[in-house]
Amino acid sequence: MAPDAVRQMHLGLFLLGTGSHIAGWRYPGACDSFQDFSAMREIAAIAERGRFDLIFLGDNLYADPLAHPSYTARLEPLTLLSALAATTTHIGLGATASTTYSDPFTVARAFASLDHISGGRAAWNAVTSASPAAGANFGRAHPAHADRYAIAEEFVAVVRGLWDCWDEDAIVADRATGQYIDPAKVRTLDHTGQHFNVKGPLNIGRSPQGRPVILQAGGSAPGQRLAAMTADVVFSVVQDFSEAQHQYAAFKQLVAAHGRAPDSVALLPGVMPVVARTDREALDILGTLQGFIDGGNAMAMLSERFGTDMRAYDLDAPVPDLPLPDSYHSFVGALLGKARRESLTLRDLYNLVAAARGHWVLCGSAERVADTLEHWFREGAADGFNVMPPYFPDGLSDFVDLVVPILQDRGLFRREYAGATLRGHLGLGPPWDGCNPYALT
Ligand SMILES: Cc1cc2nc3c(=O)[nH]c(=O)nc-3n(C[C@H](O)[C@H](O)[C@H](O)COP(=O)(O)O)c2cc1C
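From a predicted model like this one, the values you see are computed outputs, not experimental measurements.

(A) Quick look at the packing of aromatic side chains. Evaluated as defined, the whole model comprises 13 aromatic pairs. Between tyrosine 27 and tyrosine 391, the aromatic rings sit 4.3 Å apart at their centres with planes inclined by 20 degrees, giving stacked as the arrangement. Placement of the pair is tyrosine 27 in the loop between strand S1 (10-14) and helix H1 (37-49) and tyrosine 391 in the loop between strand S11 (384-387) and helix H13 (394-409), with a sequence separation of 364 residues. Among the residues examined, tyrosine 27 registers a relative accessible area of 18% and is labelled buried.

In C-alpha coordinates, the structure reads:
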(Lines give C-alpha, C1' and ligand atoms only; values in the text may rest on other atoms or scores of the structure.)
Protein backbone atom coordinates (compact mmCIF):
# COMPACT_ATOMS: atom_id res chain seq x y z
CA MET A 1 0.00 0.00 0.00
CA ALA A 2 1.35 3.46 -0.86
CA PRO A 3 2.29 5.38 2.34
CA ASP A 4 -0.34 8.11 1.88
CA ALA A 5 -3.14 5.80 0.70
CA VAL A 6 -6.21 5.45 2.90
CA ARG A 7 -6.47 1.90 4.19
CA GLN A 8 -9.61 0.20 2.91
CA MET A 9 -11.03 -3.25 3.37
CA HIS A 10 -10.63 -6.05 0.88
CA LEU A 11 -13.62 -8.27 0.28
CA GLY A 12 -13.49 -11.74 -1.20
CA LEU A 13 -16.58 -13.70 -2.15
CA PHE A 14 -16.40 -17.37 -1.19
CA LEU A 15 -18.62 -18.82 -3.88
CA LEU A 16 -20.41 -22.10 -3.27
CA GLY A 17 -23.43 -22.33 -5.59
CA THR A 18 -25.70 -23.82 -2.95
CA GLY A 19 -24.48 -21.37 -0.31
CA SER A 20 -22.02 -21.70 2.53
CA HIS A 21 -24.74 -22.97 4.86
CA ILE A 22 -25.00 -26.71 4.41
CA ALA A 23 -28.74 -26.36 3.74
CA GLY A 24 -28.66 -22.90 2.11
CA TRP A 25 -30.12 -24.32 -1.09
CA ARG A 26 -33.34 -25.11 0.78
CA TYR A 27 -33.99 -21.44 1.57
CA PRO A 28 -36.93 -20.10 -0.47
CA GLY A 29 -35.68 -18.76 -3.82
CA ALA A 30 -32.12 -19.93 -3.27
CA CYS A 31 -29.89 -21.33 -6.01
CA ASP A 32 -29.76 -25.11 -5.64
CA SER A 33 -26.91 -25.93 -8.00
CA PHE A 34 -23.19 -25.36 -8.31
CA GLN A 35 -23.31 -26.69 -11.86
CA ASP A 36 -25.57 -24.01 -13.32
CA PHE A 37 -23.39 -21.56 -15.22
CA SER A 38 -26.09 -18.93 -15.73
CA ALA A 39 -26.62 -18.76 -11.96
CA MET A 40 -22.86 -18.41 -11.38
CA ARG A 41 -22.73 -15.62 -13.95
CA GLU A 42 -25.49 -13.77 -12.11
CA ILE A 43 -23.70 -14.19 -8.77
CA ALA A 44 -20.42 -12.93 -10.25
CA ALA A 45 -22.23 -9.87 -11.61
CA ILE A 46 -23.66 -9.09 -8.17
CA ALA A 47 -20.21 -9.40 -6.57
CA GLU A 48 -18.75 -7.11 -9.22
CA ARG A 49 -21.56 -4.61 -8.66
CA GLY A 50 -20.56 -4.74 -4.97
CA ARG A 51 -16.95 -3.93 -6.02
CA PHE A 52 -15.57 -7.06 -4.36
CA ASP A 53 -11.84 -7.66 -4.80
CA LEU A 54 -12.28 -11.24 -5.88
CA ILE A 55 -14.42 -14.31 -6.26
CA PHE A 56 -12.87 -17.37 -4.68
CA LEU A 57 -13.57 -20.99 -5.55
CA GLY A 58 -12.48 -23.72 -3.17
CA ASP A 59 -12.06 -27.28 -4.34
CA ASN A 60 -11.61 -30.81 -3.19
CA LEU A 61 -10.79 -33.84 -5.24
CA TYR A 62 -13.35 -36.44 -4.24
CA ALA A 63 -17.11 -36.71 -3.83
CA ASP A 64 -18.95 -37.69 -0.68
CA PRO A 65 -22.73 -37.69 -1.20
CA LEU A 66 -23.22 -36.85 2.49
CA ALA A 67 -20.92 -33.84 2.41
CA HIS A 68 -21.74 -30.21 1.61
CA PRO A 69 -23.57 -30.26 -1.75
CA SER A 70 -21.28 -27.69 -3.35
CA TYR A 71 -18.25 -29.82 -2.53
CA THR A 72 -19.88 -32.88 -4.06
CA ALA A 73 -21.54 -31.78 -7.30
CA ARG A 74 -19.70 -28.82 -8.71
CA LEU A 75 -17.98 -27.27 -11.69
CA GLU A 76 -14.21 -27.54 -11.89
CA PRO A 77 -12.90 -24.17 -10.58
CA LEU A 78 -10.52 -23.09 -13.36
CA THR A 79 -13.02 -24.01 -16.04
CA LEU A 80 -15.73 -21.99 -14.31
CA LEU A 81 -13.44 -19.00 -13.76
CA SER A 82 -12.32 -19.00 -17.38
CA ALA A 83 -15.95 -18.65 -18.38
CA LEU A 84 -16.59 -15.96 -15.74
CA ALA A 85 -13.53 -14.07 -16.99
CA ALA A 86 -15.50 -13.43 -20.15
CA THR A 87 -18.65 -12.19 -18.35
CA THR A 88 -16.91 -9.88 -15.84
CA THR A 89 -14.45 -7.01 -16.27
CA HIS A 90 -12.80 -6.10 -12.97
CA ILE A 91 -13.32 -8.63 -10.22
CA GLY A 92 -10.43 -10.96 -9.30
CA LEU A 93 -10.86 -14.66 -9.99
CA GLY A 94 -9.29 -17.09 -7.52
CA ALA A 95 -9.29 -20.87 -7.84
CA THR A 96 -7.93 -23.66 -5.71
CA ALA A 97 -5.39 -26.14 -7.05
CA SER A 98 -3.76 -28.75 -4.88
CA THR A 99 -0.01 -28.92 -4.32
CA THR A 100 -0.36 -32.57 -3.32
CA TYR A 101 -2.33 -33.81 -6.33
CA SER A 102 -1.25 -31.56 -9.21
CA ASP A 103 2.06 -30.85 -10.85
CA PRO A 104 3.71 -27.44 -10.91
CA PHE A 105 4.05 -27.11 -14.68
CA THR A 106 0.33 -27.64 -15.26
CA VAL A 107 -0.68 -25.33 -12.42
CA ALA A 108 1.70 -22.54 -13.48
CA ARG A 109 0.44 -22.82 -17.03
CA ALA A 110 -3.24 -22.89 -16.13
CA PHE A 111 -3.09 -19.83 -13.88
CA ALA A 112 -0.93 -17.90 -16.35
CA SER A 113 -3.62 -18.69 -18.94
CA LEU A 114 -6.40 -17.45 -16.65
CA ASP A 115 -4.37 -14.31 -16.00
CA HIS A 116 -4.10 -13.68 -19.76
CA ILE A 117 -7.75 -14.49 -20.43
CA SER A 118 -8.97 -12.22 -17.63
CA GLY A 119 -6.55 -9.35 -18.28
CA GLY A 120 -4.70 -9.74 -14.97
CA ARG A 121 -7.30 -10.98 -12.51
CA ALA A 122 -6.13 -14.53 -11.71
CA ALA A 123 -5.32 -15.90 -8.26
CA TRP A 124 -4.19 -19.35 -7.20
CA ASN A 125 -5.18 -20.78 -3.83
CA ALA A 126 -2.34 -23.18 -3.10
CA VAL A 127 -3.78 -25.90 -0.86
CA THR A 128 -2.20 -29.05 0.43
CA SER A 129 -5.54 -31.01 0.35
CA ALA A 130 -6.45 -32.07 3.85
CA SER A 131 -8.54 -35.15 3.18
CA PRO A 132 -7.01 -38.58 2.52
CA ALA A 133 -10.03 -39.34 0.28
CA ALA A 134 -8.32 -37.50 -2.59
CA GLY A 135 -5.43 -39.96 -2.61
CA ALA A 136 -7.68 -42.79 -3.76
CA ASN A 137 -8.58 -40.81 -6.89
CA PHE A 138 -4.97 -40.26 -7.85
CA GLY A 139 -3.58 -43.70 -7.05
CA ARG A 140 -1.33 -42.29 -4.33
CA ALA A 141 -1.02 -42.56 -0.58
CA HIS A 142 -2.05 -39.33 1.13
CA PRO A 143 1.15 -37.77 2.50
CA ALA A 144 1.28 -36.81 6.18
CA HIS A 145 0.66 -33.18 7.18
CA ALA A 146 4.36 -32.20 7.45
CA ASP A 147 5.19 -33.89 4.14
CA ARG A 148 2.28 -32.15 2.40
CA TYR A 149 3.69 -28.80 3.42
CA ALA A 150 7.27 -29.73 2.48
CA ILE A 151 5.96 -30.63 -0.99
CA ALA A 152 3.89 -27.44 -1.07
CA GLU A 153 6.86 -25.16 -0.35
CA GLU A 154 8.82 -26.63 -3.23
CA PHE A 155 5.72 -26.68 -5.47
CA VAL A 156 4.98 -22.97 -4.96
CA ALA A 157 8.64 -22.03 -5.51
CA VAL A 158 8.65 -23.95 -8.80
CA VAL A 159 5.41 -22.37 -9.99
CA ARG A 160 6.73 -18.90 -9.23
CA GLY A 161 10.00 -19.78 -10.93
CA LEU A 162 8.13 -20.93 -14.02
CA TRP A 163 6.11 -17.71 -14.16
CA ASP A 164 9.40 -15.82 -13.89
CA CYS A 165 11.04 -17.63 -16.83
CA TRP A 166 9.66 -15.03 -19.21
CA ASP A 167 10.41 -11.31 -19.28
CA GLU A 168 7.37 -9.14 -19.98
CA ASP A 169 8.79 -8.04 -23.33
CA ALA A 170 10.03 -11.43 -24.55
CA ILE A 171 7.40 -11.68 -27.31
CA VAL A 172 8.46 -9.10 -29.88
CA ALA A 173 6.41 -10.32 -32.88
CA ASP A 174 8.42 -8.09 -35.22
CA ARG A 175 6.83 -8.40 -38.65
CA ALA A 176 9.75 -6.63 -40.33
CA THR A 177 12.52 -8.87 -39.00
CA GLY A 178 10.45 -12.00 -38.60
CA GLN A 179 11.54 -12.41 -34.98
CA TYR A 180 8.67 -13.62 -32.81
CA ILE A 181 10.37 -14.28 -29.45
CA ASP A 182 13.60 -12.78 -28.16
CA PRO A 183 15.32 -15.89 -26.83
CA ALA A 184 17.51 -13.83 -24.49
CA LYS A 185 14.35 -12.94 -22.56
CA VAL A 186 13.19 -16.48 -21.93
CA ARG A 187 15.12 -18.73 -19.55
CA THR A 188 14.93 -22.30 -18.42
CA LEU A 189 14.27 -22.94 -14.74
CA ASP A 190 16.37 -26.10 -14.39
CA HIS A 191 14.87 -26.98 -11.05
CA THR A 192 16.06 -30.20 -9.46
CA GLY A 193 14.55 -30.72 -6.05
CA GLN A 194 13.40 -33.29 -3.55
CA HIS A 195 9.93 -33.60 -5.07
CA PHE A 196 10.07 -32.03 -8.52
CA ASN A 197 12.42 -31.84 -11.47
CA VAL A 198 11.25 -29.17 -13.87
CA LYS A 199 13.27 -27.79 -16.73
CA GLY A 200 11.03 -24.99 -18.06
CA PRO A 201 10.42 -22.50 -19.46
CA LEU A 202 6.66 -22.44 -19.42
CA ASN A 203 4.96 -22.48 -22.81
CA ILE A 204 3.08 -19.25 -22.17
CA GLY A 205 4.46 -15.71 -22.01
CA ARG A 206 4.63 -13.53 -18.92
CA SER A 207 1.10 -12.91 -17.69
CA PRO A 208 -0.40 -9.45 -17.15
CA GLN A 209 0.10 -9.44 -13.37
CA GLY A 210 3.68 -10.67 -13.69
CA ARG A 211 2.67 -13.43 -11.36
CA PRO A 212 -0.94 -14.33 -10.61
CA VAL A 213 -1.89 -13.52 -7.01
CA ILE A 214 -1.21 -16.31 -4.51
CA LEU A 215 -3.81 -17.18 -1.89
CA GLN A 216 -3.18 -19.41 1.12
CA ALA A 217 -5.43 -20.71 3.87
CA GLY A 218 -3.43 -23.10 6.03
CA GLY A 219 -3.79 -22.48 9.76
CA SER A 220 -1.05 -24.77 11.08
CA ALA A 221 2.51 -23.61 11.75
CA PRO A 222 3.80 -24.85 8.37
CA GLY A 223 0.68 -23.45 6.68
CA GLN A 224 1.32 -20.02 8.20
CA ARG A 225 4.99 -20.26 7.23
CA LEU A 226 4.10 -21.00 3.60
CA ALA A 227 1.64 -18.10 3.65
CA ALA A 228 4.15 -15.70 5.20
CA MET A 229 6.74 -16.63 2.58
CA THR A 230 4.60 -16.63 -0.55
CA ALA A 231 1.00 -15.46 -0.22
CA ASP A 232 -0.54 -12.14 -1.23
CA VAL A 233 -3.88 -12.91 0.44
CA VAL A 234 -4.46 -15.23 3.39
CA PHE A 235 -7.81 -16.66 4.43
CA SER A 236 -8.23 -17.54 8.08
CA VAL A 237 -10.73 -19.34 10.28
CA VAL A 238 -11.71 -17.48 13.41
CA GLN A 239 -14.60 -17.52 15.81
CA ASP A 240 -14.22 -14.33 17.80
CA PHE A 241 -12.58 -10.94 17.88
CA SER A 242 -9.78 -11.50 20.40
CA GLU A 243 -8.74 -14.70 18.66
CA ALA A 244 -8.72 -12.87 15.32
CA GLN A 245 -6.70 -9.99 16.78
CA HIS A 246 -4.15 -12.37 18.25
CA GLN A 247 -3.89 -14.35 15.00
CA TYR A 248 -3.53 -11.15 12.99
CA ALA A 249 -0.65 -9.82 15.11
CA ALA A 250 1.14 -13.18 15.09
CA PHE A 251 0.78 -13.57 11.34
CA LYS A 252 1.96 -10.05 10.52
CA GLN A 253 5.03 -10.66 12.70
CA LEU A 254 5.73 -13.84 10.79
CA VAL A 255 5.47 -11.99 7.47
CA ALA A 256 8.01 -9.44 8.73
CA ALA A 257 10.27 -12.25 9.95
CA HIS A 258 10.33 -13.54 6.37
CA GLY A 259 11.55 -10.18 5.14
CA ARG A 260 8.26 -8.97 3.69
CA ALA A 261 6.25 -5.85 4.48
CA PRO A 262 3.37 -6.88 6.79
CA ASP A 263 0.84 -4.84 4.83
CA SER A 264 1.83 -6.54 1.57
CA VAL A 265 -0.23 -9.57 2.64
CA ALA A 266 -3.96 -9.15 3.27
CA LEU A 267 -5.38 -11.33 6.03
CA LEU A 268 -9.08 -12.03 5.46
CA PRO A 269 -10.99 -14.00 8.09
CA GLY A 270 -13.96 -15.96 6.79
CA VAL A 271 -17.39 -14.71 7.81
CA MET A 272 -20.88 -15.94 7.00
CA PRO A 273 -23.07 -12.82 7.21
CA VAL A 274 -26.75 -13.35 7.81
CA VAL A 275 -28.00 -9.86 7.17
CA ALA A 276 -31.38 -8.17 6.94
CA ARG A 277 -32.89 -4.77 7.63
CA THR A 278 -33.38 -5.57 11.31
CA ASP A 279 -31.77 -7.91 13.85
CA ARG A 280 -35.10 -9.72 14.21
CA GLU A 281 -35.37 -10.46 10.49
CA ALA A 282 -31.77 -11.68 10.37
CA LEU A 283 -32.32 -13.97 13.34
CA ASP A 284 -35.42 -15.36 11.67
CA ILE A 285 -33.42 -16.16 8.51
CA LEU A 286 -30.74 -17.92 10.54
CA GLY A 287 -33.43 -19.83 12.47
CA THR A 288 -35.01 -20.98 9.21
CA LEU A 289 -31.64 -22.13 7.86
CA GLN A 290 -30.74 -23.99 11.04
CA GLY A 291 -34.13 -25.69 10.92
CA PHE A 292 -33.18 -27.19 7.55
CA ILE A 293 -30.08 -28.98 8.87
CA ASP A 294 -30.10 -32.69 8.24
CA GLY A 295 -28.36 -34.64 11.02
CA GLY A 296 -26.56 -37.03 8.67
CA ASN A 297 -25.03 -34.26 6.57
CA ALA A 298 -24.03 -32.18 9.56
CA MET A 299 -22.39 -35.17 11.23
CA ALA A 300 -20.51 -36.02 8.02
CA MET A 301 -19.19 -32.48 7.82
CA LEU A 302 -18.18 -32.42 11.49
CA SER A 303 -16.37 -35.75 11.00
CA GLU A 304 -14.62 -34.46 7.87
CA ARG A 305 -13.38 -31.37 9.69
CA PHE A 306 -12.17 -33.38 12.70
CA GLY A 307 -10.75 -36.18 10.58
CA THR A 308 -12.51 -38.81 12.71
CA ASP A 309 -15.97 -40.37 13.00
CA MET A 310 -17.69 -38.00 15.43
CA ARG A 311 -20.66 -40.35 15.86
CA ALA A 312 -18.51 -42.07 18.49
CA TYR A 313 -19.11 -39.13 20.87
CA ASP A 314 -22.14 -37.98 22.85
CA LEU A 315 -23.65 -34.95 21.10
CA ASP A 316 -24.95 -33.46 24.33
CA ALA A 317 -21.76 -33.85 26.32
CA PRO A 318 -18.98 -31.24 26.40
CA VAL A 319 -16.75 -31.29 23.33
CA PRO A 320 -14.17 -34.06 23.91
CA ASP A 321 -10.54 -33.10 24.36
CA LEU A 322 -9.37 -34.11 20.90
CA PRO A 323 -5.87 -33.60 19.51
CA LEU A 324 -5.38 -31.59 16.32
CA PRO A 325 -5.92 -34.03 13.44
CA ASP A 326 -3.61 -34.66 10.48
CA SER A 327 -6.20 -32.96 8.24
CA TYR A 328 -7.17 -29.41 9.23
CA HIS A 329 -5.39 -27.48 11.94
CA SER A 330 -7.15 -24.27 10.90
CA PHE A 331 -10.76 -25.31 11.42
CA VAL A 332 -10.29 -27.72 14.28
CA GLY A 333 -8.03 -25.32 16.19
CA ALA A 334 -10.60 -22.51 15.93
CA LEU A 335 -13.53 -24.78 16.84
CA LEU A 336 -11.83 -26.41 19.82
CA GLY A 337 -10.70 -23.00 21.06
CA LYS A 338 -14.26 -21.69 20.94
CA ALA A 339 -15.64 -24.84 22.56
CA ARG A 340 -13.23 -24.50 25.48
CA ARG A 341 -13.79 -20.78 25.96
CA GLU A 342 -17.57 -21.09 25.88
CA SER A 343 -18.00 -24.61 27.37
CA LEU A 344 -19.88 -25.80 24.27
CA THR A 345 -21.38 -29.23 23.75
CA LEU A 346 -20.60 -31.23 20.66
CA ARG A 347 -24.12 -30.39 19.42
CA ASP A 348 -23.28 -26.68 19.55
CA LEU A 349 -20.23 -27.31 17.36
CA TYR A 350 -22.22 -29.51 15.05
CA ASN A 351 -24.71 -26.68 14.51
CA LEU A 352 -21.90 -24.20 13.97
CA VAL A 353 -20.12 -26.40 11.44
CA ALA A 354 -23.37 -27.06 9.57
CA ALA A 355 -24.05 -23.31 9.47
CA ALA A 356 -20.77 -22.02 8.09
CA ARG A 357 -18.50 -25.06 7.72
CA GLY A 358 -16.60 -23.96 10.82
CA HIS A 359 -16.38 -20.27 10.00
CA TRP A 360 -17.62 -17.29 12.01
CA VAL A 361 -21.34 -16.55 11.72
CA LEU A 362 -22.30 -12.86 11.95
CA CYS A 363 -26.04 -12.35 12.16
CA GLY A 364 -27.84 -9.02 12.46
CA SER A 365 -29.07 -5.83 10.88
CA ALA A 366 -26.94 -4.24 8.17
CA GLU A 367 -25.78 -1.59 10.67
CA ARG A 368 -24.75 -4.21 13.18
CA VAL A 369 -22.88 -6.23 10.57
CA ALA A 370 -21.12 -3.13 9.21
CA ASP A 371 -20.21 -1.96 12.75
CA THR A 372 -18.71 -5.34 13.57
CA LEU A 373 -16.71 -5.55 10.36
CA GLU A 374 -15.46 -2.01 10.90
CA HIS A 375 -14.44 -2.81 14.47
CA TRP A 376 -12.43 -5.84 13.37
CA PHE A 377 -10.85 -3.91 10.51
CA ARG A 378 -9.86 -0.86 12.58
CA GLU A 379 -8.73 -2.75 15.66
CA GLY A 380 -6.12 -4.99 14.09
CA ALA A 381 -8.10 -8.18 13.53
CA ALA A 382 -8.53 -8.15 9.73
CA ASP A 383 -7.56 -6.47 6.46
CA GLY A 384 -10.98 -7.33 5.10
CA PHE A 385 -13.16 -10.40 4.91
CA ASN A 386 -13.77 -13.55 2.96
CA VAL A 387 -17.55 -13.23 2.70
CA MET A 388 -19.46 -16.52 2.68
CA PRO A 389 -23.14 -15.93 1.97
CA PRO A 390 -25.34 -18.65 3.45
CA TYR A 391 -27.29 -18.92 0.17
CA PHE A 392 -27.35 -17.29 -3.27
CA PRO A 393 -28.17 -14.95 -4.80
CA ASP A 394 -30.13 -13.07 -2.11
CA GLY A 395 -27.64 -13.80 0.70
CA LEU A 396 -25.07 -11.97 -1.42
CA SER A 397 -27.27 -9.20 -2.84
CA ASP A 398 -28.50 -8.35 0.69
CA PHE A 399 -24.86 -7.89 1.73
CA VAL A 400 -24.07 -5.85 -1.41
CA ASP A 401 -27.18 -3.67 -1.17
CA LEU A 402 -27.39 -3.21 2.59
CA VAL A 403 -23.87 -3.53 4.06
CA VAL A 404 -21.52 -2.40 1.28
CA PRO A 405 -23.09 1.10 0.99
CA ILE A 406 -22.60 1.64 4.74
CA LEU A 407 -18.94 0.63 4.44
CA GLN A 408 -18.57 2.93 1.42
CA ASP A 409 -20.21 5.87 3.24
CA ARG A 410 -17.71 5.38 6.06
CA GLY A 411 -14.80 5.41 3.60
CA LEU A 412 -13.96 1.81 4.44
CA PHE A 413 -14.53 0.30 1.01
CA ARG A 414 -14.08 1.39 -2.61
CA ARG A 415 -16.98 2.87 -4.56
CA GLU A 416 -15.32 2.10 -7.89
CA TYR A 417 -12.49 -0.10 -9.01
CA ALA A 418 -9.37 2.02 -9.42
CA GLY A 419 -7.61 -0.40 -11.76
CA ALA A 420 -8.24 -3.48 -13.79
CA THR A 421 -6.01 -6.09 -12.14
CA LEU A 422 -6.41 -8.01 -8.90
CA ARG A 423 -2.93 -6.93 -7.80
CA GLY A 424 -4.16 -3.36 -8.31
CA HIS A 425 -7.28 -3.91 -6.16
CA LEU A 426 -5.05 -5.34 -3.44
CA GLY A 427 -2.70 -2.34 -3.61
CA LEU A 428 0.21 -4.52 -4.70
CA GLY A 429 2.84 -3.44 -7.19
CA PRO A 430 4.37 -5.74 -9.77
CA PRO A 431 5.79 -8.85 -8.10
CA TRP A 432 9.37 -8.00 -8.96
CA ASP A 433 9.37 -4.71 -7.00
CA GLY A 434 12.21 -4.85 -4.54
CA CYS A 435 13.11 -8.44 -5.18
CA ASN A 436 14.91 -10.57 -7.66
CA PRO A 437 12.11 -12.02 -9.77
CA TYR A 438 14.18 -14.93 -10.85
CA ALA A 439 15.26 -16.20 -7.44
CA LEU A 440 13.63 -19.37 -6.18
CA THR A 441 12.52 -18.25 -2.74
C1 LIG B 1 -11.23 -20.06 3.55
C2 LIG B 1 -10.58 -21.38 3.38
C3 LIG B 1 -10.67 -22.01 2.16
C4 LIG B 1 -10.10 -23.26 1.97
N5 LIG B 1 -10.24 -23.87 0.78
C6 LIG B 1 -9.76 -25.10 0.61
C7 LIG B 1 -9.99 -25.79 -0.59
O8 LIG B 1 -10.61 -25.29 -1.49
N9 LIG B 1 -9.50 -27.04 -0.73
C10 LIG B 1 -8.79 -27.65 0.26
O11 LIG B 1 -8.36 -28.78 0.07
N12 LIG B 1 -8.55 -27.01 1.43
C13 LIG B 1 -9.03 -25.77 1.61
N14 LIG B 1 -8.82 -25.13 2.79
C15 LIG B 1 -8.03 -25.80 3.79
C16 LIG B 1 -6.64 -25.25 3.99
O17 LIG B 1 -6.11 -24.50 2.95
C18 LIG B 1 -5.63 -26.29 4.45
O19 LIG B 1 -5.34 -27.23 3.47
C20 LIG B 1 -6.18 -27.02 5.60
O21 LIG B 1 -6.66 -26.08 6.50
C22 LIG B 1 -5.13 -27.90 6.29
O23 LIG B 1 -4.02 -27.15 6.57
P24 LIG B 1 -3.69 -26.61 8.03
O25 LIG B 1 -3.54 -27.80 8.92
O26 LIG B 1 -2.41 -25.84 7.81
O27 LIG B 1 -4.81 -25.72 8.44
C28 LIG B 1 -9.38 -23.89 3.02
C29 LIG B 1 -9.28 -23.23 4.25
C30 LIG B 1 -9.86 -21.99 4.43
C31 LIG B 1 -9.73 -21.32 5.74
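(B) Representation of the pairing of S1 within the structure. Of all the five residues making up S1, five are buried; the element is thus mostly covered by neighbouring parts of the structure. Neither face of S1 is exposed, since His10, Gly12 and Phe14 on one face and Leu11 and Leu13 on the opposite face are all buried. Examined bridge by bridge, S1 and S11 share four bridges and lie parallel to one another. Counterpart to leucine 11 in the pairing with S11 is phenylalanine 385. Where S1 meets strand S2 (residues 54-57), three bridges bridge the pair, whose relative direction is parallel. Each bridged residue has a counterpart across the sheet, and for leucine 13 the counterpart in S2 is isoleucine 55.

(C) Region of interest: helix H2 (residues 77-87). Those residues of H2 not exposed but buried are Pro77, Leu78, Leu80, Leu81, Leu84 and Ala85. Down the axis, H2 shows its buried residues gathered within 155 degrees of arc, on one side only. Turned more than 90 degrees off the buried face of H2, the exposed positions are Thr79 and Ala86.

(D) Structural context of unusual backbone geometry. Residue proline 201 is bonded to the preceding glycine 200 through a cis peptide linkage, with omega at 0 degrees. When you line up the elements, proline 201 lands in the loop between strand S6 (197-198) and strand S7 (213-216). Look at the link from phenylalanine 392 to proline 393: it is a cis peptide, with omega at -10 degrees. Assignment of secondary structure puts proline 393 in the loop between S11 and H13. Phi at alanine 173 is positive, roughly 40 degrees, even though this residue is not glycine. With respect to the secondary-structure elements, alanine 173 resides in the loop between helix H5 (145-163) and strand S5 (191-192). For alanine 173, a relative accessible area of 41% puts it in the partly exposed group. The residue serine 343 is not glycine, and still its phi comes out positive at about 50 degrees. Considering the arrangement of structural elements, one finds serine 343 in the loop between helix H10 (329-342) and helix H11 (346-356).

Cut-offs and rules
- Residues numbered from 1 in each chain as written.
- Predicted model: local features only at pLDDT ≥ 70, side-chain atom pairs only at ≥ 80, totals over all residues.
- Heavy atoms only, no water.
- Phe/Tyr/Trp six-rings, centres within 6.5 Å; stacked < 30°, edge-to-face > 60°.
- Helix = DSSP H or I, 4+ residues; strand = E, 2+ residues; numbered from the N terminus.
- Buried < 20%, exposed > 50% of the residue type's maximum accessible area, 1.4 Å probe, protein only.
- Pairing = 2+ DSSP bridges.
- Arc of directions from axis to C-beta.

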